[in-house]
Amino acid sequence: MAYIKRSLFFRLALLILGGGSLVVLAIVAFNHFQMRRNILADQERYYTALASSAAAKFSVQLMETQKVVDEAAALFTTLPRTRATALSLLKKCLRLNRNIYGSAIALAPLENDQEAGFRILYAWREGERIRTMERSQPEQDYQSDWFSLPYYLSESVWTDPYVDADVDTLMITYCTPVRIGERTVAVITCDLALKDLQTSLSGLELGRHGKPMLVSRFGKLILHPRSEWMHKETFVSLAEGAKKGADRDTLLSISRSLSGSAAGSFRFRQIVSQEQAWLYFDSIPLTGWKIGFIIPEKQILAPVVRLGVKTLLIAVCGILLLLPPAFFIARTITRPLKALSGAADQLAQGDFGVSLPAADRTDEIGRLIAAFDRMRTDLKSYIGELTRTTAEKEKIASELSIACEIQHSILPKIFPPFPQRSGLDLYATLSSAREVGGDLYDFTLLDDDHLYFCIGDVSGKGVPASLFMAVGKTLLKSTIQTLQDPAKTLFHVNNELSQGNENCMFITTFCGILDLRTNELIYANAGHNPPVLFDQHQARFLDSASSPPLAAMPDSPFRNERLVLPAEAKLLLYTDGVTEAMNPQLELFGEERLLAFLREQPPQTAEGCVSMLSKRVRGFAQGAEQSDDITLLCISYRDLQHPLEANDTSPTSLLILTNHTSELPRMVAWLEDLQTRLGWSYELTSQLNLILEEWLVNVISYAFADDHLHEIEIRLWQDEAGVRMEVSDDGAPFDPTAQKQPDLDAAIEDRPIGGLGIHFIRTSLDELRYARTDGRNVVTMIKQKG
Amino acid sequence: MKRIRVSVIISMLLAAMALAAVQVSAAEPVRLVLQWEHQSQFAGYYMALEKGFYRQENLDLAILPGGAHVDPVETVRNGRAEFCTTMLAPVLSSYDRRRDNELVLLQQILNRSNLTLVAWKKGRHGSEPIASPGDLNYKWITLWERFRPPYQAFFKKFDITPIILPQYYTFSLFLRRGADACCAMRYNEYHSLKQYGLRDEELTVFDFHDLGIDLPEDGLFALKKTWLSRPQTCAAFVRATMKGWQYARDHREETLNVVMRYVDGSRLSINRPHMAWMLDVILESIFPARESDWVTGQLTEERYNRAVSILGLGSAAPAYNDFVTVGAQRGLH
């Protein structure tokens, strides 16, 4: 079964054969039942006609006999009733009708037999001779039906069949009273032997198993295939003796239909064989008898069955003949398919040289092969093409990534950029949407007291944008170094870029110069998003005149704006990648969210501000693809020449880190920078490095239970006595001075894990103090010189 | 010598005794003549013979079939048979106490009357309904000559004057509507009519038993001379016969098989269902239902006198004790 399901070949062959067989069988069955109906109708016509002709033939015989007897009776009334007349009359009767077996004249019991010379005379046929006799027991004859019925009924009568004892023959008798006035003087009879009727009925063409039947007026069986029933049983008596209820019902219904109608047909189940049979019958009105034929249905339907068997055999032969072509057709369809499926397998393994079945056919299979072949060719060329383009793409991608590296490399990336200006806190990032972005930022110290910074966004993306950005950035920087004025610089650069700007690219730019002595900020805006000014309490956009972006229009006017940066205030520059960041629900991050973020959680440091905002924007996008470059630049300046803190002196240097180990290299860079600036020995530097690293790793690893960004501040003072460091964080309270001394004498495997780091810090320092102030751990570390 | 003589005498004596024993064991030949052709009506006799009950009584019985041309009473009177079975009525009606070869009743076999008169419910022309005995007045009725007395009693009882036609072996005249009514034995002709397809709705049946003309029917008769001279033989014959009837009652199918053998052997065109019906009715008439005023085989004086009076015989009838033997007076008690 599973094989048939899997194999198209078998299914096709089965379908063709099964369909053909079903059609043939349906035709055979239809033919059979139609034939059956027709033949039953034909046979009914034939046998009822046969029965009625047999009945008619017998009726004619009866009538001829009646005529002879009636004439004799009429004659006997006129003739003298003597023995001689009677004998000649009897002989005449027998001679007139050769069917008559015997004939009698009986004087009525009260008539004078002396005068007539006889009482009952009988003549009968014996071979060719006619014999006569005087009946020996007239008293008995008078008691028999043939005499008493006409005598008492005073009319002609056909008796029921009886066996005459004298001649031992089954016969029926027609008897007529000879009436003179109201008196019956004699009875004249003629006998018909039933043997002739039985013989003629049995001689009828009824087929091999068909049998005639003769039933008397009162249902007695005169002739029947079951000879033991003849003259003995009626249908009622048979029903009475029937052992089965069904047989009884059959017999009674036969009896009813025989007595109920003159002619007809009747289907019934035979008593012994239990086979279906038909009874066709007609009646003989003169005697009230029924002639019937019992024909087994099997015999009637035998030709139909024979024909059915023959048709079936022919059908089977036909189906067998259909077998090879069916298999052939199925094969011609499935063989190329099988070959194709093999070829497809090989193709899937990359073998394009596989040979296909011959495609010289024009049918569906041929078209399939041709299509398959085309597909193979196309596939082959497509894969070749694909290989080429992939190689090209890879090349481009690698070039792009190089371009990206170059672009990023021209941006200042060292933070803190000016460690000597310990009050200046500046941090910036650029994350590209594609490999090469169009955003830019820049900053530099124009002299000791002036910080130049700018942010920009080139229209478009990709390599052209990045090139344009490189040009813009370079121009801006070189120009402002010369002009020392933002508005003039923008004006100048705008005109420079506008020339030959055939690609119609432009750059929005915000640039400014911060005077580190006065905290005065001079800035100009070329169509860029206004930066945000914020401190611990508020955040707002910076006012700026609206000017077109650079390279959009030559000779566009730009105006400087001035602002004294409040103490503790920070300035955040950004590109539209921030405000136009989109989440999957197609909502923009927007300026409101930006302001809200800065108001709710004002970051302490520039780096904290940039990294937390980046994180917030990424969180908002919920994984949606970044559509534009995101560039952030945060700036704050605190003049440490005028200490604001309660600390006795402002620190020599300040470093603010976020709570991540990736920040540690910045700490190292910071120390190295201090080493050069302050002329530390190598040993001091590496010692401080180890101490700070040990402590910071400890803080980053254990102090913060959440995954927010936290700032860790490191302040450093130096005087003749030595170096003092103050490290503060807002993590969980932890007092390193309260820690127990580890048991250094115990074996390595017995010591608890940890604890050694703190031990190392304590032994490496000259003094270690701890305080918890304003929710922060403040650890003071003192290392004396020498 | 003396010893030899004694032994001779003893051996001669023994031989004589053996001879006598042979003579005693030789069965006594007797003949029974039936009142009609073989049928279930005589099943008891067939079974007693079949089962060897007569042989056990040391009787060698020959059954002579009756028929239309056989008068059983005459057969016995003429000495052509020792026993006969026939109806009580014709024996009593033809009784002549002056004759020296009159019969005695050995046993009353059938105590219930089975005589009926069957009429077309709507008359022979279909226009004159017959529902009660009175409707038979001036109607055409075919009668058996042999059983005329009970029918006469019936006519007399209901004060009917019908037109009588003879009824012979067949009832063709009635069937062909040549008569309004015909005689029919409940166990025989009545059932034959039904086998000819006649239905109860078409017929009115006057059952004499129900109408109070309850004549005892078949009896077992012998010459008074025989009874007086061979009382043991008569008693043995009755005993074996009644045993046969009892056997027939208890083994109906077997009995039917035997009956059909007799029937077919005489080339009588009688079917088995008909014989089955007849056997049932006959047995009902021999072995009474629980609450009957008679016992099997018995003819009480009261029933005898009632029969005499139904037949209107008066003093012509023999005295009960003269006619009914002790065996029949007692029955099978």
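Values in this document were obtained by computation on a predicted structure and should not be read as measured data.

**Here we look at the overall build of chain B**
Looking only at helices and strands, chain B has 15 helices and 10 strands in total. The burial tally for chain B puts 46% of its 333 residues in the buried class. The long-range share in chain B, meaning contacts at least 24 apart out of those at least 6 apart in sequence, stands at 80%.

**Considering the overall build of chain A**
Looking only at helices and strands, one finds 19 helices and 27 strands in chain A. Looking at chain A as a whole, 32% of its 786 residues qualify as buried. In chain A, 63% of the contacts between residues at least 6 apart in sequence involve partners at least 24 apart.

**Focus: helix α6 (residues 148-157) of chain B**
Residue and element names in this part refer to chain B. Along α6, the positions that sit buried rather than exposed are Pro149, Pro150, Tyr151, Ala153 and Phe154. Looking at the buried positions of α6, the neighbouring elements they touch are α5 (88-93), β5 (115-120), β6 (140-143), β8 (181-185) and α13 (301-311). Looking one or two residues past α6, Asp159 carries a phi angle of roughly 55°, positive in sign.

**What about the sheet that holds strand β3 (residues 83-87) of chain B?**
Residues and elements named next belong to chain B. With mixed pairing, 5 strands are arranged side by side in an open sheet as β2-β1-β3-β10-β4. The outermost strands of the open sheet, each flanked by one partner alone, are β2 (59-64) and β4 (103-108). Neighbouring strand axes in the sheet, compared pairwise and without regard to direction, differ in orientation by 30° on average.

**A closer look at the pairing of strand β22 (residues 630-637) of chain A**
All names here are of chain A. Most of β22 is tucked away: 8 of the 8 residues are buried. Across the two faces of β22 the burial is the same, with Ile630, Leu632, Cys634 and Ser636 and Thr631, Leu633, Ile635 and Tyr637 all buried. Where strand β13 (residues 424-431) and β22 come together, 8 bridges link them in antiparallel fashion. Bridge pairing links Tyr427 to Cys634 in β22. Bridge count between strand β21 (residues 570-574) and β22: 5 bridges; the pairing is antiparallel.

**Brief notes about unusual backbone geometry**
Of all residues except glycine, most have a negative phi; of all peptide bonds, most are trans. Residues and elements named next belong to chain A. In this structure, Gln274 takes a positive phi of about 60° despite not being glycine. Summarising the element assignment, Gln274 is placed in the loop between β10 (264-269) and β11 (276-284). In the Ramachandran plot, Leu586 falls in the positive-phi region, its phi being about 65° despite a non-glycine side chain. Within the secondary structure layout, Leu586 lies in the loop between α14 (576-579) and α15 (590-600).

**Quick look at the packing of helix α17 (residues 664-678) of chain A against helix α18 (residues 682-702) of chain A**
Residues and elements named next belong to chain A. At their nearest, the axes of α17 and α18 sit 10 Å apart, and the two run at 155° to each other. Looking at the two axes, α17 sits roughly antiparallel to α18. Handedness of the α17/α18 crossing: right-handed. Counted together, Leu664, Met667, Val668, Leu671 and Gln675 of α17 and Thr685, Leu688, Asn689, Leu692, Glu693 and Leu696 of α18 form the full contact between these two elements. Looking at the contact of α17 with α18 residue by residue, the classes come out as 7 nonpolar, 3 polar and 1 charged.

Reading the values: the criteria
Residues numbered from 1 in each chain as written. Chains lettered and ligands numbered in written order. Predicted model: local features only at pLDDT ≥ 70, side-chain atom pairs only at ≥ 80, totals over all residues. Helix = DSSP H or I, 4+ residues; strand = E, 2+ residues; numbered from the N terminus. Buried ≥ 20, exposed ≤ 12 C-beta atoms within 10 Å, placed from the backbone. Contact = placed C-beta atoms within 7 Å. Pairing = 2+ DSSP bridges. Axes fitted to C-alpha atoms, helices over the stretch in contact; angles between N-to-C directions. Parallel < 35°, antiparallel > 145°, perpendicular 65-115°, else oblique. Left-handed = near helix turned anticlockwise from the far one by under 90°. Nonpolar A, V, L, I, M, F, W, Y, C, P; charged D, E, K, R; others polar.

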